[in-house]
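# Structural overview for review
Listed here are the chains, written in short residue letters.
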Amino acid sequence: MKKIIIPIIFALAGTSFVAYSFLDTYIIPREYTGVFNANNGASNFSFSFADMGGSSSKSSSSSSSKSSAQSSSNSYSTPSFPSDNISTNKYYENLTKEQIDSLFTDEIVFVPKKHYSDPDIYVDITTEHFEQTETLSNQYYAADIRIRNASLLKTALAHDTAGENFTEFTSEMCKRKKGIIAIDGDTYGAQKSGYVVRNGQIIRDTKNTSRKKPEDLAIYADGTFEVFNEREVELKDITAKGAWQVFSFGPGLISEGKKIIQKGEEVGVAAGRYQNQRCAIGMIAPLHYIFVVSDGRIKSSPGLSLYQIGKIMEAKHAWCAYNLDGGGSATMYFDDGTGNANGNGALINYCTQELVGNNANNLPANPPIGERGVSDIVYIGKE
């Protein structure tokens, strides 16, 4: 009898361990108890830089005050934001300073799904097509964004909680933060390692050694972007340069004005799919950015490859561009900044969770529209 019972016990124990490991890795939400708990032991938090959301003349002094107040609780001091844009000599710009200033408006101007402007933020969304044919639209959405100060390029975490497996819809996070435009982030919460800095605070400082191409994106307080290799660079060296955000997903698409993404290069579960929904962020010049999200898994718009999204960023004159979480997570949400649940906010792209083969002839014509919960977003806003 013992010969039967003992193997059964071990089998059940092994099965339980595997089940727990799976749940712990992919299902059970778990707050971080590491780096972020340096902040007075608090894992559950809300980022608020409301004082920095006004005109650029206020932002620098407000940032300095915030940085001083947090210097004892953060792993490093929140970077200060310069009042004026840095030189754009090496960046593309087809407008004069006067023309750029005229894009910002004294009062809020909002056109649903298309346009927003106020004294500090300008967003214009266009619907475009990549190599369109008679049967394929290959549709994507490009948001041309200008802001007065890099502090207005923010991030938010699902349920304002740093940890693994916390998820929330991009639209919900954007409305809660009274954002103007939001895209999904780097799905940091589904990973156990990889550098993560959000709104000037270190969330995770461990290297990801499993990624084939561990390219991260740093967004600095002066409004510049940099793609760097996580294995070759210490986080402290990035934060020392004033990192405001650090994303650990990738790969990089454009670096210093040159396309670095290679044909056939894909990541993660998308490696077996040539076409998919895509989400990417780019810097044309400091304080001039572009968000690009494509449709996918639809008969008329099967999606894009990473190389193709890199070509789009190149055509948009991005100096630096980076791939964020795509597939069913790829979402662009646009709102008027009021956070009103019954207001003017709307999804811009066609969000679908359908997952079928790459053959466009087998894709559904009208799959159900629905967001996927994500761990974090990138958004433009003042709160």
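Rules behind the numbers
- Residues numbered from 1 in each chain as written.
- Predicted model: local features only at pLDDT ≥ 70, side-chain atom pairs only at ≥ 80, totals over all residues.
- Heavy atoms only, no water.
- Helix = DSSP H or I, 4+ residues; strand = E, 2+ residues; numbered from the N terminus.
- Buried < 20%, exposed > 50% of the residue type's maximum accessible area, 1.4 Å probe, protein only.
- Areas by Shrake-Rupley, 256 points an atom, 1.4 Å probe, with all protein chains shown as cover.
- Pairing = 2+ DSSP bridges.
- Phe/Tyr/Trp six-rings, centres within 6.5 Å; stacked < 30°, edge-to-face > 60°.
- Lys NZ or Arg CZ within 6 Å of the ring centre and 35° of its normal.
- Contact = heavy atoms within 4.5 Å.
- Core = buried A, V, L, I, M, F, W, Y, C linked by side-chain atoms within 4.5 Å.
- pLDDT = per-residue confidence, 0-100.
- Polar contact = N/O pair within 3.5 Å; in protein donor to acceptor, adjacent residues only side chain to side chain.
- Salt bridge = Lys/Arg side-chain N within 4 Å of Asp/Glu carboxyl O.

Looking now at the overall build of the protein chain. In terms of regular secondary structure, the protein chain is built from 6 helices and 21 strands. Across the 383 residues that make up the protein chain, the buried fraction comes to 53%. Counting only carbon and sulfur atoms, one obtains 52% of the accessible surface of the protein chain, whose full area is about 16,700 Å².

Quick look at the pairing of strand E6 (residues 153-157) now. The side chains of a regular strand alternate, residue by residue, between the two faces of the sheet. Among the 5 residues in E6, 5 count as buried, and that is most of the element. Side chains Leu153, Thr155 and Leu157 project from E6 onto one buried face, and the interleaved Lys154 and Ala156 project onto a second face that is buried too. Relative to strand E21 (residues 376-380), E6 is paired through 5 bridges, and the arrangement is antiparallel. Across the sheet, Ala156 pairs through a bridge with Ile377, a residue of E21.

Enumeration over the complete set of coordinates arrives at 5 aromatic pairs. On the basis of an interplanar angle of 85° and a centroid distance of 5.2 Å, the ring pair of Tyr91 and Trp319 is categorised as edge-to-face. Remark: Trp319 occurs in the loop between helix H6 (306-315) and strand E18 (320-324) and Tyr91 occurs in the loop between helix H2 (56-70) and helix H3 (97-103); sequence separation between them is 228 residues. Between Tyr195 and Phe228, the aromatic rings sit 6.4 Å apart at their centres with planes inclined by 25°, giving stacked as the arrangement. Of this pair, Tyr195 sits in the loop between strand E8 (181-184) and strand E9 (196-198) while Phe228 sits in strand E12 (residues 225-229), and the two are 33 residues apart along the sequence. For the pair formed by Tyr195 and Phe228, the shared burial category is buried. The structure contains a cluster of three or more aromatic residues connected by ring pairs, namely Phe110, Tyr116 and Phe334. A cation sits over an aromatic face here: Arg148 above Phe104, 4.0 Å from the ring centre.

So, on to the environment of Glu314. Looking at where Glu314 falls in the secondary structure, it is placed in helix H6. Of the residues examined, Glu314 reaches a relative accessible area of 38% and is grouped as partly exposed. A sequence separation of 55 residues divides Glu314 from Lys259, and the C-alpha atoms of the two residues are 6.7 Å apart. Apart from the residues lying within four places of it in its own chain, the contact partners of Glu314 are Ile254 and Lys259.

By size, the foremost hydrophobic cluster in this structure holds 40 residues, and its most contacted members are Val123, Ile181, Ile281, Phe291 and Met332. Residues contacting Ile281, with those up to four places away along its chain left out, are Ile183, Leu217, Ile219, Phe225, Ile290, Phe291, Met313, Cys320, Ala321, Tyr322, Leu324 and Val378. Counting 17 residues, the second-largest nonpolar core is a separate cluster that includes Ala142, Leu253, Ile284 and Leu304.

Per-residue confidence for the protein chain gives a mean pLDDT of 81; residues scoring 70 or more make up 74%. In the predicted structure, residues 12-26 sits below a pLDDT of 50 and forms 10 contacts with residues beyond four places in sequence or in another chain. Predicted confidence for residues 35-75 stays below pLDDT 50, and this span has 80 contacts to residues more than four positions away or in other chains.

Strand direction decides the pairing type here: strand E11 (residues 215-220) and E12, joined by 5 bridges, are antiparallel. Within E12, the position partnered with Glu215 by the bridge is Asn229. Following E11, the chain reverses through 4 residues before pairing antiparallel with E12; Gly223 in that reversal takes a positive phi of roughly 90°.

Turning our attention to H6. Of all the residues in H6, the buried ones are Leu306, Gln308, Ile309, Gly310, Ile312 and Met313. Turning to H6, the residues buried within the fold contact strand E5 (139-147), strand E14 (252-255), strand E15 (258-259), strand E16 (279-285), strand E17 (288-294) and E18. Two residues or fewer past H6, His317 is found with a positive phi of approximately 70°.

Position of Asn208 relative to the elements: it lies in the loop between strand E10 (201-204) and E11. One polar contact links the side chain of Asn208 to the main-chain amide nitrogen of Arg211, over a distance of 3.2 Å. Discounting residues that sit within four places of it in the chain, Asn208 has contacts with Ser193, Gly194, Pro214, Glu230 and Arg231.

Turning our eyes to something else, we now look at the sheet that holds E6. Taking strand neighbours across the sheet as the criterion, the 5 strands line up as E6-E21-E8-E19-E20 in an open arrangement whose pairing is antiparallel. Both edges of this open sheet fall to E6 and strand E20 (346-347), since each of them pairs with a single strand only. With 3 bridges joining them, E8 and strand E19 (residues 332-334) adopt antiparallel strand pairing. Looking at E19, one finds that Ala182 is bridged to Tyr333.

Taken as a whole, this structure holds 21 salt bridges when the rule is applied. The salt bridge involving Asp216 is made with Arg211; its shortest N-O contact spans 2.5 Å. With respect to class, Asp216 is no different from Arg211; both count as buried. For Glu230, the salt bridge goes to Arg211, with nearest N and O atoms at 3.3 Å. Of this pair, Glu230 sits in the loop between E12 and helix H5 (235-239) while Arg211 sits in the loop between E10 and E11; the two residues are 19 residues apart in sequence, bridging distant segments of the chain. Arg211 shares its class with Glu230; the two are buried.

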